[in-house]
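Coordinate analysis (summary)
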Amino acid sequence: MHPDSKLAKLIQSWPVYRQLTGSDPLGRGKAAQSARSETLTPRTAEADHVAHSVCPFCAVGCAQKVYVKDEKVIQIEGNPDSPISRGRLCPKGSASTQLVTGPQRETVVRYRAPYATEWQELDLDTAMDMVADRVLDARRKGWQDFDADRNTLRRTMGIASLGGATLDNEENYLIKKLFTALGALQIENQARI
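Keep in mind it's a predicted model, so treat the numbers as computed, not measured.

Glancing now at the overall build of the protein. On a plain count of helices and strands, the protein comes out with seven helices and eight strands. The globule rule puts the C-alpha radius of gyration for 193 residues at 16 Å, and the 28 Å found for the protein is more than 25% above it. Seen along its three principal axes, the alpha-carbon backbone of the protein occupies a region of about 100 × 40 × 30 Å. Taking all 193 residues of the protein together, the buried fraction comes to 20%. Taking the intrachain contacts of the protein between residues at least 6 apart in sequence as the baseline, contacts between residues at least 24 apart amount to 31%. For the protein, the accessible area works out to roughly 14,800 Å², and carbon and sulfur atoms hold 55% of it.

Take a look at the structure:
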């Protein structure tokens, strides 16, 4: 076969041929590179700046690099400088870009009144006041000063807390203090169950 023939050129363009005959026997560099991949640039090359963050999905705390262009998140990757994750992210962490860029993300408070068929938008202050009113009402309705034998209880059975695994130790500590101050007994975390 002549080295300038079409078949010879085709074979020489194959990555396996370049791997076996070139200086890249493991096929991790030029041998595996196609003509198209030589022209590609990383998505992160266009970023204006990089913000450092922590993945919000669980309590492990994998560090992330958030690439921003024109004040919009364009990519989120693991931070290789992190002693926790060393640049690796689980599938959920790798998909965390969708938390801030997904079209289904709600950016306003939405409320549907009891028996209503439509949602309405509320401002944040109104929504927070509604939550506080409901917590205090449930606390008051479920409050127990004494048991049947007149033993002091000072507790409420009207509210409880079940935290998620995305909460870190500090958040769980503050939630525990809040619900204990409210008189709740049922305080648990999903990571402990």
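Attention now goes to the sheet that holds strand E2 (residues 63-69). Note on sheets: strands pair through backbone hydrogen bonds, and any given pair is parallel or antiparallel. Overall, antiparallel pairing links the three strands, which are arranged E1-E2-E3 in an open sheet. On the outer flanks of this sheet lie strand E1 (49-54) and strand E3 (72-78), each paired with one strand and no other. Averaged over neighbouring strand pairs, the angle between their axes works out to 30° when direction is ignored. Pairing analysis gives six bridges linking E2 to E3, with the strands arranged antiparallel. The partner of valine 68 across the bridge, within E3, is valine 73.

Here we come to the UniProt feature "domain: 4Fe-4S Mo/W bis-MGD-type" (unreviewed entry) in the protein. Per the UniProt record, "domain: 4Fe-4S Mo/W bis-MGD-type" (unreviewed entry) is annotated on residues 48-104. From the first C-alpha to the last, residues 48-104 spans 26 Å; its make-up is 16% helix and 35% strand.

We now examine a negative patch on the surface. Together, Asp123, Asp125, Asp129 and Asp133 give the surface a local cluster of negative charge. For aspartate 133, the position within the fold is in helix H6 (residues 124-141). Taking relative accessible area as the criterion, aspartate 133 reaches 51% and is therefore assigned exposed.

Inspection of the entire model under this criterion finds four salt bridges. Two residues, aspartate 137 and arginine 140, come together in a salt bridge whose shortest N-O distance is 2.7 Å. Highlighted residues: aspartate 137 and arginine 140, both in helix H6, separated by three residues, approximately one helical turn. Residue aspartate 137 is classed as partly exposed on the basis of its relative accessible area, which comes to 25%. The class for arginine 140 is exposed, based on a relative accessible area of 57%.

This part covers the domain arrangement of the protein. The parts lose accessible area when they come together, and the size of an interface is often stated as this lost area. Looking at the assigned domains, one finds that the protein contains domain 1 (6-39), domain 2 (49-101) and domain 3 (109-192). Between the C-alpha centres of domain 2 and domain 3 there is a distance of 31 Å.

Take unusual backbone geometry next. Although it is not a glycine, arginine 86 sits at a positive phi angle of roughly 50°. Tracing the sequence through the fold places arginine 86 in the loop between E3 and helix H4 (91-94). Classification of arginine 86 by relative accessible area gives exposed; the value is 58%.

Aromatic ring pairs are reported here in terms of the distance separating the ring centres and the angle at which the planes meet. Within this structure, the stated rule accounts for zero aromatic pairs. Here arginine 150 stacks its cationic end above the ring of phenylalanine 146, 4.0 Å away from the centre of that ring.

Let's shift gears to a nonpolar patch on the surface. Nonpolar side chains collect at one region of the surface, where Leu7, Leu10, Trp14 and Tyr17 lie side by side and expose about 400 Å² of accessible area between them. Among the structural elements, tryptophan 14 can be located in the loop between helix H1 (6-13) and helix H2 (15-21).

Here three strands make up an open sheet; going across it, the order is E6-E7-E8 and the pairing mixed. This sheet does not close on itself; its edge strands, each paired only once, are strand E6 (143-146) and strand E8 (184-189). Averaged over all adjacent pairs, the angle separating strand axes in this sheet is 25°, with direction ignored. With three bridges connecting them, E6 and strand E7 (residues 152-163) associate as antiparallel partners.

Each value, and the rule that gives it
Residues numbered from 1 in each chain as written. Predicted model: local features only at pLDDT ≥ 70, side-chain atom pairs only at ≥ 80, totals over all residues. Heavy atoms only, no water. Helix = DSSP H or I, 4+ residues; strand = E, 2+ residues; numbered from the N terminus. Rg over C-alpha atoms; globule rule 2.2 N^0.38 Å. Buried < 20%, exposed > 50% of the residue type's maximum accessible area, 1.4 Å probe, protein only. Contact = heavy atoms within 4.5 Å. Areas by Shrake-Rupley, 256 points an atom, 1.4 Å probe, with all protein chains shown as cover. Pairing = 2+ DSSP bridges. Axes fitted to C-alpha atoms, helices over the stretch in contact; angles between N-to-C directions. UniProt positions renumbered as here; feature names shortened; annotations may be inferred. Patch = residues over 30% accessible without salt bridge, like charges linked within 9 Å, V, L, I, M, F, W, Y side chains within 5 Å. Salt bridge = Lys/Arg side-chain N within 4 Å of Asp/Glu carboxyl O. Lys, Arg positive; Asp, Glu negative; His and termini not counted. Charge placed at Lys NZ, Arg CZ, Asp CG, Glu CD. Domains from an automatic or database assignment. Phe/Tyr/Trp six-rings, centres within 6.5 Å; stacked < 30°, edge-to-face > 60°. Lys NZ or Arg CZ within 6 Å of the ring centre and 35° of its normal.

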